[in-house]
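The lines below spell out each chain.
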Amino acid sequence: MEKGQIFGFLGPNGAGKTTTMNIMTGYIAATDGTVEINGYDILTKPEEAKKCIGYLPEIPPLYSDMTVMEYLRFVAELKKVPKEERSGQIQEIMQMTEILDVEGRLIKNLSKGYKQRVGLAQAIIGYPDVIILDEPMVGLDPKQIIEIRALIKKLSKNHTIILSSHILSEVSTLCDHIMIISHGKLMASDTPQGLQKLMEKSIEIEIVAMGSKEKAEEILSKIEHIQSYTCETSEEDNVKINVITEANMDIRKELSVALTGGSMPVLSMNKMEKSLEDIFLQLTEASEQEEE
């Protein structure tokens with residue numbers, strides 16, 4: 001994984017996201033394989049490897065009877081941040097995560113959004129190269145989600161971010177690279193754009209044209225590279241046509257010429273793009289069928 005990028009770790013509940021993150025952080029041992037952070041093996045050189053990691057579990061590891069400042073000082077001490085650097089670093093991180101206004105408050109009295117920010121602040125202390133976030137948006141309201149997203153984007157300028165989620169909109173909005181897992185197996189690993197290209201074997205085209213269903217079917221039956229099509233008469237006496245082409249064949253021009261030439265003016269034509277949701281469902285359903 002490269003510095004300055006956000007990696008999305010995506011999968012349904014029970015896919016193994018949290019387990020994998022716990023292995024990456026050294027919280028549990030792997031039955032096989034290795035994890036290296038900046039060249040340090042998490043099992044054989046845990047102290048050196050963990051210095052490079054900031055971790056925010058799904059439930060932030062907060063001490064509710066401490067104030068925010070007391071807690072962050074405690075974390076800085078645990079992480080062995082040099083004494084002369086602690087105050088400056090804590091102030092900088094509180095400003096970055098926008099928790100300066102609650103520094104003297106007890107953690108138990110904070111809102112869910114502020115607790116999440118404090119959890120994120122503890123992950124950043126020590127300025128680790130890699131920040132691992134397990135479901136960082138869970139339980140937040142829409143405004144808080146937007147704020148945490150902006151903060152993660154800001155952090156990615158200086159850190160590698162690994163972010164797990166089962167919420168697809170989060171991953172597609174934030175991440176430069178996506179890994180999809182299901183039943184503990186890696187199903188795909190690519191950029192959001194690369195994943196879409198990977199799954200685009202056939203092209204789906206949606207058309208609304210003036211004329212009858214029978215006339216549309218007659219015209220479509222004569223066009224090459226159509227795998228299948230459906231025609232439905234709409235309320236305005238137009239016809240709605242759905243065409244699926246053969247692999248990677250974009251025949252919008254041929255369709256437009258044929259329909260217009262057959263006295264069926266085209267009112268609209270759209271090439272349907274596969275969303276990340278479609279790709280996710282396709283890959284995870286394939287994995288479930290294999291398991292069965």
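Residues numbered from 1 in each chain as written. Predicted model: local features only at pLDDT ≥ 70, side-chain atom pairs only at ≥ 80, totals over all residues. Heavy atoms only, no water.

1. A closer look at the overall build of the protein chain
Then, number 1: The number of helices and strands found in the protein chain is 11 helices and 12 strands.
Then, number 2: For 292 residues, the compact-globule estimate of 2.2 N^0.38 gives 19 Å, and the protein chain exceeds it by more than 25% at 26 Å.
Then, number 3: In terms of its C-alpha atoms, the protein chain occupies a principal-axis envelope of roughly 80 × 45 × 30 Å.
Then, number 4: Looking at the protein chain as a whole, 41% of its 292 residues are labelled buried.
Then, number 5: A separation threshold of at least 6 residues defines the contact pool for the protein chain, and within that pool the share at least 24 residues apart is 69%. (Helix = DSSP H or I, 4+ residues; strand = E, 2+ residues; numbered from the N terminus. Rg over C-alpha atoms; globule rule 2.2 N^0.38 Å. Buried < 20%, exposed > 50% of the residue type's maximum accessible area, 1.4 Å probe, protein only. Contact = heavy atoms within 4.5 Å.)

2. What to know about helix α1 (residues 17-24)
Then, number 1: Considered for burial, the residues of α1 that qualify are K17, M21, N22 and M24. Projected down its long axis, α1 shows its buried positions confined to an angular sector of 160 degrees, all on one face.
Then, number 2: The inward-facing, buried residues of α1 abut β1 (6-10), β2 (36-37), β4 (53-56), β5 (130-134), β6 (160-165) and β7 (177-182).
Then, number 3: In the stretch just after α1, G26 is the one whose phi turns positive, near 85 degrees. (Arc of directions from axis to C-beta.)

3. Concerning the packing of helix α3 (residues 68-78) against helix α4 (residues 83-96)
Then, number 1: Between α3 and α4, the least distance of the axes is 10 Å, while the angle of their chain directions is 125 degrees. The angle between the axes of α3 and α4 places the two elements in the oblique class. The crossing of α3 and α4 is right-handed. Across from V68, M69, L72, R73, A76 and E77 in α3, the residues of α4 making contact are R86, I90, Q91 and M94.
Then, number 2: Residue composition of the contact of α3 with α4, grouped by class: six nonpolar, one polar and three charged. (Axes fitted to C-alpha atoms, helices over the stretch in contact; angles between N-to-C directions. Parallel < 35°, antiparallel > 145°, perpendicular 65-115°, else oblique. Left-handed = near helix turned anticlockwise from the far one by under 90°. Nonpolar A, V, L, I, M, F, W, Y, C, P; charged D, E, K, R; others polar.)

4. Details of α3
Then, number 1: Taken together, the buried positions of α3 are occupied by V68, M69, Y71, L72, V75 and A76. Seen end-on, α3 carries its buried residues on one side only, within an arc spanning 160 degrees. In α3, the exposed positions that point more than 90 degrees away from the buried face belong to E77 and L78.
Then, number 2: Of the surrounding secondary structure, the elements contacted by the buried residues of α3 are α4 and α5 (112-124).

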